[in-house]
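# Observations on the three-dimensional arrangement
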Amino acid sequence: MGTRKHWWMAMALGAAVLAAGACSRGAKSRKLEIVLVTKALDSEFWQRIKSGAEEAARADPGVSLAVLAPAQEINIDQQVSILEDQILKRVSALAVSPAGVAEIVPVLDKARAAGIPVVIVDTDVRWPYQTSFVGIDNRLGGRIAGEYILKAIGGKGKVAVIRGVLGVATQEDRLTGFREAIANSPGVELVAVQPANSERALGMQVMENMLTSHPDVKAVFGTNDQMALGAKEALEAHHLTGKIVLVGFDATREALRAIQAGAMNAVMAQYPERIGKRAIEEAIKAARGLPVEKRIDIGTALVTKDNVSQFLK
Amino acid sequence: MSPAALLRRFGPLLGLLALCAVLGTLSDHFLTFDNLINVFRQSAVNALLSLGQLVVIITAGIDLSVGSILGLSCVLVALLLKAGVPPALAVLAALGIGGALGSVNGLLLTKLHLPHPFIPTLGMMNVARGLALVICGGFPISELPSSFRFWGAGSVGWIPAPVIVVVVFCVVFHVFLTRTTVGRDIYAIGGNPQAALLSGVPVDARLILVYALSGVTAAAGAIVLAGRMNSGFPLAGMGSELDSIAAVIIGGASFFGGVGTVGGTLVGALIMGVLRNGLNLMNVSAYWQTVVIGVVIVAAVWVDVVRKRAAEKGRAAVN
Amino acid sequence: MKPSAQLLELRGISKWFSGVRVLEGVDFEVRAAEVHALVGENGAGKSTLMNVVSGIVAADAGQMLWEGQPVRLRSPREAQDLGITFVHQELALAPQLSAAENIFLGRHPAGGGWVRWREIYDRARELLSGLGHTIDARRLVADLSLAERQLVEIARALAFRARLIIMDEPTAPLAEQDAEGLFRTIRNLRERGVSVIFISHRLKEIFQVADRVTVLRDGKRVLTTEVASASVDGLVRAMVGTELSAHVAPEAAAGVAGEEAIRVEGPVRFAVRRGEVVGFAGLAGAGRTELLEWLFGVGKQAGQIFVNGRPVKVRRPLDAIRHGMALVPDDRKAKGLVLGATLHQNIALASGRRRWFIRAARERQAAGQLLADLRIKAAGLDQRVLYLSGGNQQKAVLAKWLYAGARVFLLDEPTRGIDVRSKAEIYDLVRGLASRGAAVLLASSELDELLRLADRIVVMHRGRIAGELVRAEATEERIMQLATGGVQ
């Protein structure tokens, strides 16, 4: 019957293609191939990481750089496939910002087995073999934000957090740092920790709900700028701008302008270009067999109305 | 067989061959032994989902919940393993859970008389994904036993274990659809449900079975994916329902039901896997990949339409 | 206006459809303020004639005069503009809109792009109450009864200033008291000077409501008369044709009937023995299809089924098949066959459900034999039934049941839309089934077919059995009398 023929043809095809493949392993180019795989490329943060990385690659004529990412941060398996394909090409070095910190580990093992150095970017993983980690100390950032809020509300009152997707390490770390900062102030009560998936619209919705359930909340910490800006919209709609302390994280241009205008109080600044640049520099070093630093903290800074003009340049 | 009939049967396969040839010339890495094995492994999860989706689409239905059932099964199997359940038992339990969730789809469709399979499976898509997130609090459950990881990451000789799983499922589904009376009933339901009912086909029972099978293949996909990633994670299979539908349609099945083969579907899944892999090797961004796959879906169906119209014309000329 | 003025005149209207003449030189007149009944058997040409009048199809020959002026209609819209409205059997209303919106659908009174809702509701209320009924114009059509929906259609016709309303079997789906209400509405229309063409199979109704009646037969007008001077018998004779009424098939004398195969008790009661062909006659909507489908486990109806003398429960078709029943449905494409599948797959579909694996070789051998036995013309067992002729498709349905080993055959319009040769072959097959001991229930709208094949004829009227005629006493007139609800 015809269907059986179908199978035979499929098998014949498979065999032919494999045979062809076996005889044609390609030769490598002489340039160093460095590949940066981010979680996504759909926000200002990742685009700035990308431009920093490209700056580093331009500085070295012996390097070619590709920046790849799954379509969305949630497509973890797509990111794994991209990495597998790059490992197969035996690229010189990888820089990876993992979309899933546990899910990524098996493919990192494959990179190691193939002898490819891996620099972890922005989001740390529990994997002892990483060549280097380039990012910020999110926990410290969270703690600084917490301390700022503590001072701004005079050490007592209700506070709330709008956080990103559960299970993402950077988000967890910022929250942990924040909790540490307020732990020793009995006057401060953390009344709500609500997820808003790092989205602006959800951030606004969550803020509105909080204003209903906790009308006496004094300060809100959004663990990224998108959610904080959503909360800003909600406060504006309720004419509460400036009456509730609002702190974000990332220092996007929009958030900085909001601080300048007095619609937000502070953000924790990251330097994404520096992160991207440094990650690629370390990856190049590793590819050339030069020594690298195990852990590179790019650092964060608290931005308030006082110093915002520096960051807005 | 006439040339036209040959073209129809092997159209998707010819498309796959042509695609391989093109990608082979564009990328030195594509036609290597390692990479082709790699493609097979990467296509395994979609191939499994597509088999279940195929059976559903043959009945003129659609299953939007396969990605979410995969996610929920992925989390549950990891929880079972963490609770110390032996891997073999956990695998069976996951398949059972997937089948049960799928049969809920079928029951909602047939017993509540919901107007279209779109509705119950859209509901299940949200419910299962939500439960997956709730159960594990959003965190992945990692560090699974190595005997379980075999199904996703292991291999026998140079053949990856996921490929073996896919081949076994393909053979079983092929025999089921073409050699059993139940398989014939399923094609009849898709061709004309009214005539099938009046010929004694227990339509409701068959539909429930069909959606249960789709749940089982989703769970099989979950086992492979969890093994591959060494973790049960709640976001597993996000959006993969659409990939599975695309593979089935590229493989020559019809949304109107009654038509579709396991071989075609497998080829459809491979076409998608090969495309993604080839574009990755050429460092094409994920956004452009999405565009290309969209074009391929429409083109595949359009070729089918053109071919059919030509066949009709040929027939009219003979008569 | 003179009371006897002709509103509409048709002169010598002819129409061919794909080489078949369906209307042949038909003359037809409707006076102003007249209720004119139009009757005839299925296929006599009533619908085609009315489609010509309402501009849906163009006549191939003949002339149409409207108030004495020749007119040529190119679309239903032009007919509407003249004042001719067709109220179809399947009402053409939008169920999710209100009665008022439906009445003015497509012609909302509007000013400057805005719909004037108040005016719409006021005028709709006026129109409906003018017809002597109280329907809330704001209710959704989906929530209205059938009779109320007809009223909305009529009001819609009046909103378009209709002078002539065509009603195609408006009473077929109605209960008796609703039909009475409709008659009152029709008389009301006549008093306002609106003419009505009233198509009905129920001859009694004509005497209740019509002024004149025209009979069509085989595309020709055979009679137009004042109702006052007509009789049911006379109309039936005119519909059937006297030369046909003498014809009682002498062929295929009744086989020797054996034991009872199937019996039904309840509101409908009858029994069929082995080797017997029992015909089921009745007008469209008399309940024949519903009866056969109920026997086969589809749809609900009161009654108890006995197979071989034992009471059985038939909840779904699979149960019926297990009791040896087979249904050849009225619409073979929609209900009888999987058109995209092959002959082999269709023939095997009703069998072998008790085993897991298909025994392909055995099936193909048996199906091939059936192909030869039934003289099914096909390229082979793997030909898709979509491409077979109507006659061969119907034979494929029968082959499916022969392969399944059925012993009680429920045939619903088995020769509808089939060429003459296949028809004769199917007649032979049916008699052959009976002579080999099968029980056959044959529902058909073609009286000729029933008279030729059936040993007995059960006549149905509005879901009930109106009477039963044995072969010797059955004539077309008697059947039509019973079927139209006339006195026996």
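None of the values given here were measured: they were computed from a predicted structure.

A separate point is the overall build of chain B. Secondary structure summary: chain B contains 13 helices and 4 strands in total. Here the C-alpha radius of gyration of chain B, 20 Å, is about what a compact globule of 319 residues would show, namely 20 Å. Summarising its shape, the C-alpha atoms of chain B cover approximately 70 × 55 × 35 Å along the three principal directions. For chain B, with 319 residues in total, the buried portion stands at 57%. When the accessible area of chain B is evaluated, it comes to approximately 12000 Å², of which 74% is carbon and sulfur surface.

Our next topic: the nonpolar core. One broad rule of soluble globular proteins: the nonpolar side chains tend to lie buried together. Counting 129 residues, the largest nonpolar core has Ile 165, Leu 295, Trp 401 and Leu 441 of chain C as the members making the most contacts within it. When residues in this core are grouped by element, the largest group, 8 residues, is from helix 5 (residues 146-159) of chain C. Split by domain, this core shows at least three residues from each of two domains, domain 1 (6-245) and domain 2 (260-483) of chain C. Apart from residues no more than four positions distant in its own chain, Leu 295 of chain C is found in contact with Ile 262, Val 264, Phe 270, Ile 305, Val 314, Ala 320, Met 325, Leu 410 and Leu 441 of chain C. Formed by 122 residues, the second largest nonpolar core is a distinct cluster that contains Val 45, Ala 220, Ile 250 and Val 267 of chain B.

Bringing the interface of chain C and chain B into the picture now. Between chain C and chain B, the residue contacts involve 29 residues of the former and 23 residues of the latter. Interface of chain C and chain B: buried area, both sides summed, is about 2100 Å²; carbon and sulfur atoms make up 60% of it. For the chain C face of the interface with chain B, the top three residues by lost area are Arg 353, Ile 358 and Tyr 387 of chain C, together amounting to 27%. Linking chain C with chain B are 1 salt bridge. There are 8 residue pairs in polar contact (both at pLDDT 80 or more) connecting chain C and chain B. Mapped by element, the contributors of at least two residues to the side of chain C that touches chain B are helix 11 (317-322), helix 12 (332-336), helix 13 (343-348) and helix 15 (390-403) of chain C. Take the side of chain C that touches chain B: its biggest share by element is 4 residues, from helix 12 of chain C. Of the residues contributing to the side of chain C that touches chain B, the split by class is 18 nonpolar, 4 polar and 7 charged.

Residue and element names in this part refer to chain A. Sheet architecture is open: 6 strands sit in the order 2-1-3-4-5-11, paired in parallel fashion. Of all the strands in the sheet, just strand 2 (63-68) and strand 11 (295-297) have a single pairing partner and so form its edges. For this sheet, the mean angle separating the axes of adjacent strands, direction not counted, is 15°. Packing of helix 2 (residues 44-58) onto the sheet brings it into contact with strand 1 (32-37), strand 2 and strand 4 (118-121), and relative to strand 2 it is tilted by some 170°.

Before going further, it helps to examine the pattern of salt bridges. Scanning the entire structure with this criterion turns up 50 salt bridges over all chains. Notably, a salt bridge pairs Asp 382 of chain C with Arg 364 of chain C, separated by 3.1 Å at the nearest N-O pair. Remark: Arg 364 of chain C occurs in helix 14 (residues 360-373) and Asp 382 of chain C occurs in the loop between helix 14 and helix 15; sequence separation between them is 18 residues. The network of salt bridges with shared partners includes Arg 278, Glu 282, Lys 285 and Glu 293 of chain A.

Residue and element names in this part refer to chain A. Domain boundaries in chain A define domain 1 (30-135 + 272-297) and domain 2 (138-269). Measuring from the centre of the C-alpha atoms in domain 1 to the corresponding centre in domain 2 gives 30 Å. With 8 residues of domain 1 at the interface, the matching set in domain 2 holds 8 residues. Carbon and sulfur atoms make up 52% of the surface buried where domain 1 meets domain 2, a total of about 540 Å² over both sides. For the domain 1 face of the interface with domain 2, the top three residues by lost area are Glu 44, Phe 45 and Asp 122, together amounting to 47%. The interface formed by domain 1 and domain 2 holds 0 salt bridges in total.

Residue and element names in this part refer to chain C. Despite not being glycine, Glu 169 has its phi angle at roughly 45°, a positive value. Mapping Glu 169 onto the fold places it in the loop between strand 9 (164-168) and helix 6 (176-191). With relative accessibility at 12%, the residue Glu 169 sits in the buried group. With a phi close to 50°, Asp 218 is a non-glycine residue in the positive phi region. Along the polypeptide, Asp 218 turns up in the loop between strand 11 (212-217) and strand 12 (220-226). Note on Asp 218: relative accessible area 56%, which makes it exposed.

Basis of the calculations
- Residues numbered from 1 in each chain as written.
- Chains lettered and ligands numbered in written order.
- Predicted model: local features only at pLDDT ≥ 70, side-chain atom pairs only at ≥ 80, totals over all residues.
- Heavy atoms only, no water.
- Helix = DSSP H or I, 4+ residues; strand = E, 2+ residues; numbered from the N terminus.
- Rg over C-alpha atoms; globule rule 2.2 N^0.38 Å.
- Buried < 20%, exposed > 50% of the residue type's maximum accessible area, 1.4 Å probe, protein only.
- Areas by Shrake-Rupley, 256 points an atom, 1.4 Å probe, with all protein chains shown as cover.
- Core = buried A, V, L, I, M, F, W, Y, C linked by side-chain atoms within 4.5 Å.
- Domains from an automatic or database assignment.
- Contact = heavy atoms within 4.5 Å.
- Buried area = accessible area lost by both parts, 1.4 Å probe.
- Salt bridge = Lys/Arg side-chain N within 4 Å of Asp/Glu carboxyl O.
- Polar contact = N/O pair within 3.5 Å; in protein donor to acceptor, adjacent residues only side chain to side chain.
- Nonpolar A, V, L, I, M, F, W, Y, C, P; charged D, E, K, R; others polar.
- Pairing = 2+ DSSP bridges.
- Axes fitted to C-alpha atoms, helices over the stretch in contact; angles between N-to-C directions.

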